[in-house]
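The primary structure of each chain is shown beneath.
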Amino acid sequence: QRKGIGVAQYLTVHGKQEIDVHLEAIYSSAERTYRWIRQYSGSPMELFRAFKFDPVGVHPFAGHALNVIEQVNQTATYLVALEAARLLFDLHPEEPGYVIAPGAYMSHPLDIMSITEGQVGAETFAAVDPRNNNKLKKDLMKLATRAERNRYVFFSSPLHPETKRRIELEVNGVQVWSVATSL
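Conventions we followed
Residues numbered from 1 in each chain as written. Predicted model: local features only at pLDDT ≥ 70, side-chain atom pairs only at ≥ 80, totals over all residues. Heavy atoms only, no water. Helix = DSSP H or I, 4+ residues; strand = E, 2+ residues; numbered from the N terminus. Rg over C-alpha atoms; globule rule 2.2 N^0.38 Å. Contact = heavy atoms within 4.5 Å. Areas by Shrake-Rupley, 256 points an atom, 1.4 Å probe, with all protein chains shown as cover. Lys, Arg positive; Asp, Glu negative; His and termini not counted. Charge placed at Lys NZ, Arg CZ, Asp CG, Glu CD. Salt bridge = Lys/Arg side-chain N within 4 Å of Asp/Glu carboxyl O. Buried < 20%, exposed > 50% of the residue type's maximum accessible area, 1.4 Å probe, protein only. 1 Å grid on protein atoms, 1.4 Å probe; cavity = no way out; pocket = protein on both sides within 12 Å on 5 of 7 lines; lining within 4 Å. Points joined across faces, edges and corners; volume = space filled by probe spheres on them. Nonpolar A, V, L, I, M, F, W, Y, C, P; charged D, E, K, R; others polar. Phe/Tyr/Trp six-rings, centres within 6.5 Å; stacked < 30°, edge-to-face > 60°. Right-handed = clockwise from strand over helix to strand, strands pointing away. Pairing = 2+ DSSP bridges. pLDDT = per-residue confidence, 0-100. Axes fitted to C-alpha atoms, helices over the stretch in contact; angles between N-to-C directions. Parallel < 35°, antiparallel > 145°, perpendicular 65-115°, else oblique. Left-handed = near helix turned anticlockwise from the far one by under 90°.

Another aspect to go through is the overall build of the protein chain. Broken down by element type, the protein chain carries 4 helices and 10 strands. Radius of gyration (C-alpha) of the protein chain: 17 Å, near the 16 Å computed for a compact globule of 183 residues. Each of the three principal axes of the protein chain carries a C-alpha extent, and together these read 55 × 30 × 30 Å. Contacts spanning at least 24 positions in sequence make up 52% of the contacts within the protein chain whose residues lie at least 6 apart. Working note: accessible area of the protein chain is about 9600 Å², and carbon and sulfur atoms make up 55% of it. Between the averaged position of the 20 positive side-chain charges in the protein chain and that of its 20 negative side-chain charges there is a distance of 3 Å.

Next up, the structure:
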């Protein structure tokens, strides 16, 4: 179930099959943008301008036009959140589902929250290096004050391309995991 896509931008998933459906929507929007890029005939700088400023990309779920840079950022954000939720279903098989709201800021306090209140809370992000902009540190600090029984930070990074628990990065009882995505 997708609610407020384009506004609040959150999903509710009740199993891995629903995650796969959402991933297919992301891949479909990427395919549409890829087809546009392949047919593009302007100069390299005109192409970069279009990527940055023109609504030639596609929102990963809602399908409305947006710039390619934003599509890439949102795609990476949703991929890591969905793959993190997939892992959470393995780690917490008793949990009936998760609300996924990466980057939604005001609409939900965390990027992933269990449907069962107080059980699981997580922050997610994608970055070249998880230390960039102190993102990992900020997420760990945020989760340190949370009351959820199980707290996580999940990240996607080419420096850590596999799904693996990163015990060396953990503090305050918050588990840290790198997650493999299709990017």
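Our next topic: the pattern of salt bridges. Counting across every chain of the model gives 11 salt bridges. Linking D129 and R131 is a salt bridge whose minimum nitrogen-to-oxygen distance equals 2.7 Å. The buried category is assigned to D129, whose relative accessible area is 13%.

Our next topic: the layout of surface pockets. Taken as a whole, the second largest pocket holds about 220 Å³ of empty space. Lining the second largest pocket are 13 residues, with A30, Q71, V72, T75 and L183 positioned closest to its centre. Of all elements in the fold, only α1 (16-39) and α3 (68-91) reach the threshold of two or more residues within the lining of the second largest pocket. Sort the elements by how many residues they give to the lining of the second largest pocket and α1 lands first, with 6 residues. Of the residues in the lining of the second largest pocket, the class split is 9 nonpolar, 4 polar and no charged.

This brings us to the packing of aromatic side chains. Between two aromatic rings, the relevant description is the distance of the centres plus the angle of the planes. Applying the stated rule across the entire model yields 6 aromatic pairs. Residues F89 and Y98 carry aromatic rings whose centres are separated by 5.1 Å and whose planes lie at 75° to one another, so their mutual orientation is edge-to-face. On the basis of an interplanar angle of 20° and a centroid distance of 5.3 Å, the ring pair of Y152 and F154 is categorised as stacked.

Let us now look at the pairing of strand β8 (residues 150-156). A regular strand places its side chains so that they alternate between the two faces of the sheet. With 6 of 7 residues buried, β8 lies mostly within the body of the structure. Following the backbone out of strand β7 (residues 120-126), through helix α4 (residues 135-144) and into the adjacent parallel β8, one traces a crossover that is right-handed. Judged from the 4 bridges that link them, β8 and strand β10 (residues 175-178) form a sheet pairing that is parallel. For Y152, the partnering residue across the bridge sits in β10 and is Q175.

In most cases, non-glycine residues show a negative phi, while peptide bonds are predominantly trans. Positive phi outside glycine occurs at N133, with the angle close to 55°. Along the polypeptide, N133 turns up in the loop between β7 and α4. Residue classification places N133 among the exposed positions, given a relative accessible area of 67%.

Attention now moves to the confidence of the model for the protein chain. On average, residues of the protein chain carry a pLDDT of 93, and 93% of them reach 70 or more. When the criterion is pLDDT under 50, residues 4-8 qualifies, and its contacts beyond four places in sequence or with other chains add up to 11 contacts.

Contact geometry of α1 with α3 gives a least axis separation of 10 Å together with a crossing angle of 165°. Comparing their axes, α3 and α1 come out roughly antiparallel. Taken as a pair, α1 and α3 cross one another with a handedness that is left-handed. Contact with α1, carried on its side by K16, I19, D20, H22, L23, I26, Y27, S29, A30 and T33, involves V68, Q71, T75, Y78, L79, L82, E83, A85, R86, F89 and D90 of α3 and no other residues of that element. Considering only residue class, the contact of α1 with α3 consists of 11 nonpolar, 5 polar and 5 charged.

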